[in-house]
Amino acid sequence: MKRIIFSLLTAAICNASSLFAQQTEKTITIQTNGQEDVIDLPEGMITTTDSLYLDWISKHYINPAENCTMTTQNPEVSDSIYMDRLQRIPAIIEMPYNDIIRKFIDMYSTRLRQKVSFMLSANNLYMPIFEEALDLYDLPLELKYLPVIESALNPTATSSQGAVGLWQFMLRTGQVYGLKVNSLVDERRDPVKSTRAAARYLKDLYDIYQDWNLVLAAYNCGPGTINKAIRRAGGEKDFWKIYNFLPKETRGYVPAFVAANYIMTYYCEHYISPMEMNMPESTDTVHINRSLNLNQIAEVCKIDIDQLRALNPEFKKDIIPGNEKPYALRLPTQMMSCFIDHEDSIYNYKPEIYQTRRNTVTVSNTTTKGKNSGKAVYHRIRNGETLGGIAAKYGVSVSQLRRLNGIKGSSIRAGKSLRIRHGSFI
C-alpha cells in the first residue's frame, strides 16, 4: 500500500514541477532586540509556483476542496492567539512563539498560500509513509512536516548544494544511511527508502543531543557546525541561546519548522483550502534482474514515458541496472499484464538503440605494414536482423558495414551475406 501511495503523488509532482517555477526571495529580514537580522530561507521555501503551474496541475490531478473557504486574504491574528494555537498542537517538540516564528508563519499564510494549498493535498499520500517510518523508530510524529521546509514535498528536488529528494540528503550522508547513489540510480529520490534513512539519521542525532531543536538544527547544517556553536556559546545547549552563533539558514530552520507545523494544522483559520488529489490508478511492482531501459517498456506497452519516470524516480538515466542486482520496477496495475505477457519482447526491443553497452569488443589486428595474412569475416543475415544489431554484435559501425558492402540505406535481406571486415593485416 505504501508503494502505491507514494507512486501516485510522485506521478503528480514529478511530471508537473519542472514546468513552471519562479524564484522568490532567498532571505528574510527580522527585527530582534532593535537590530536587523537577515536569515537565509530553507530550500523548501525558496521556490514558489505561479498560476500557470497551478492551472496545469489542477486540470490533471487536483481540485479545490470544499472543507475550507479559500480566499486570497489572510486574517489578522494576535500574538496571544498564535501562542495559544501553538501550545495546543499535540507535539513532543516544543512549539514556542516569538517574532521570528511569526515572520515565517506570515510567509506561509500570505506569499506561499498557493504552495501550502498544494502541499496540503499531499497529506493523505505522503504522510502515511512519513508517519509509519517515524513510528517505527519511535520518533515524534510532528517530524513528518520536516520535508515541507526541506523540499516542499517534491521527491526530485535538488538544492543548490547538491542535496536531493524529499528529505534533502547530501551524497555522503545518504550513502552512510544506506541510500545507493551511482551514475544510474539515486535512492535519495525514492520516497520510501529516503524516509527510512531520514528516520535513522534523526534518531542518531537525538542520541547525540537529547534536544529536538538541536536535532533539527544539526539536520540542516551538520553536527560539526552545531558543536562549534555550542562551544562558542560557552557550552549552552539550547537552540535559542546558540542562535547568533549559527549559520544564517540554520537560524531560520527551527522557526520555519514551527511555522510549517502551525500552517499545516491551522490552515482553515487562514482561509487556505487544501487541493484534493484525484487518485490515479494503483500501481504494482515487478523485480527486474536484467539491464532494461524504461523506453523499451514505454514503447512496447504503450505507456507514457513521463509517467513511467515519475513512478520510478530513482532511475536517473532511464536505465534499470538489473544485471547488478534485482530492482523493483513500478507500473500502473493495468500495465502489469502487458509487461508479463511481453517480457521477452520488451527486453529485446530495439537493443541497438537502448542496449548499446557492449559485453565484448574485437580488437583490430591491423598495423601499418599492410600485409594481408588473414581471412575476411562474413555474416549470413537472418530474419528480423538489422544493420544496427549486426554491427553491435561484431563491434563495428553501421557506416563501416555500408562501406564494405556497398549499401546506401538500411535495407538488408535475409539469406544474403554481409562482409564484416577485411582480412587481418600484419
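Refer to the structure above for everything that follows.
On a predicted model such as this, the values are computed, not experimentally measured, just so you know. (Residues numbered from 1 in each chain as written. Predicted model: local features only at pLDDT ≥ 70, side-chain atom pairs only at ≥ 80, totals over all residues. Heavy atoms only, no water.)

Enquirer: Explain the side chain of Asn261 to me, and be specific about the residues and the numbers.
Expert: Positionally, Asn261 belongs in helix α12 (residues 248-265). Every residue in contact with Asn261, bar those within four places of it in the chain, is listed here: Ile89, Met95, Glu142 and Tyr145. (Helix = DSSP H or I, 4+ residues; strand = E, 2+ residues; numbered from the N terminus. Contact = heavy atoms within 4.5 Å.)

Enquirer: Lay out the side chain of Glu314 with the relevant residues and their values.
Expert: On the secondary structure map, Glu314 appears in the loop between α14 (305-311) and β9 (319-321). For Glu314, a relative accessible area of 2% corresponds to the buried category. A distance of 3.4 Å separates a polar atom in the side chain of Glu314 from a polar atom in the side chain of Lys193. Non-local contacts of Glu314, meaning those with residues more than four positions away in its chain, are made with Leu184, Val185, Asp186, Glu187, Arg189, Asp190, Lys193, Tyr327 and Arg330. (Buried < 20%, exposed > 50% of the residue type's maximum accessible area, 1.4 Å probe, protein only. Polar contact = N/O pair within 3.5 Å; in protein donor to acceptor, adjacent residues only side chain to side chain.)

Enquirer: Please give an account of the state of the cysteines that cites residues and values.
Expert: Cysteine pairs can be covalently joined through their sulfur atoms, and such a bond is termed a disulfide. Summed over the entire model, instances satisfying the criterion amount to one disulfide. Here Cys301 is linked by a disulfide to Cys338, with a sulfur-sulfur distance of 2.3 Å. Taking the sign of the S-S torsion, -100 degrees for the link of Cys301 and Cys338, the bridge is left-handed. Residue Cys301 is found in helix α13 (residues 294-301), and its partner Cys338 is found in helix α15 (residues 333-341); the two are separated by 37 residues along the sequence. Like Cys338, Cys301 is buried. (Disulfide = S-S within 2.5 Å.)

Enquirer: So, the packing of aromatic side chains: which residues are in play, and what are the values?
Expert: Counted by the stated rule, this structure contains 13 aromatic pairs. Ring centres of Tyr82 and Tyr262 lie 5.3 Å apart, and the angle between their planes is 70 degrees; on these two criteria the pair is classed as edge-to-face. In this pair, Tyr82 sits in helix α3 (residues 79-87) while Tyr262 sits in helix α12, placing the two residues 180 residues apart along the sequence. Pair check on accessibility: Tyr82 and Tyr262 agree, each one buried. In this structure, Arg85 packs its charged tip against the face of Tyr266, placed 5.7 Å from the ring centre. (Phe/Tyr/Trp six-rings, centres within 6.5 Å; stacked < 30°, edge-to-face > 60°. Lys NZ or Arg CZ within 6 Å of the ring centre and 35° of its normal.)

Enquirer: How would you explain the packing of helix α18 (residues 387-394) against helix α19 (residues 398-405) if you had to name every residue and give the values?
Expert: At a closest axis distance of 9 Å, the pairing of α18 and α19 adopts a crossing angle of 105 degrees. With respect to α19, the axis of α18 lies roughly perpendicular. Seen from α18, the contacting residues are Leu387, Gly388, Ile390 and Ala391; seen from α19, they are Val398, Leu401 and Arg402. Split into classes, the residues belonging to the contact of α18 with α19 amount to five nonpolar, one polar and one charged. (Axes fitted to C-alpha atoms, helices over the stretch in contact; angles between N-to-C directions. Parallel < 35°, antiparallel > 145°, perpendicular 65-115°, else oblique. Nonpolar A, V, L, I, M, F, W, Y, C, P; charged D, E, K, R; others polar.)

Enquirer: Describe the pattern of salt bridges, with residues and values.
Expert: Where charged atoms from two side chains of opposite charge approach closely, those side chains can pair. Here the structure, examined in full by the defined rule, presents 16 salt bridges. Between Glu131 and Lys144 there is a salt bridge, with the nearest N and O atoms lying 2.8 Å from each other. Residue Glu131 is located in helix α6 (residues 123-136), and its partner Lys144 is located in the loop between α6 and α7 (146-151); the two are separated by 13 residues in the primary sequence. Under the relative-accessibility criterion, Glu131 is labelled partly exposed at 27%. (Salt bridge = Lys/Arg side-chain N within 4 Å of Asp/Glu carboxyl O.)

By themselves, these are just geometric observations and shouldn't be taken as functional.
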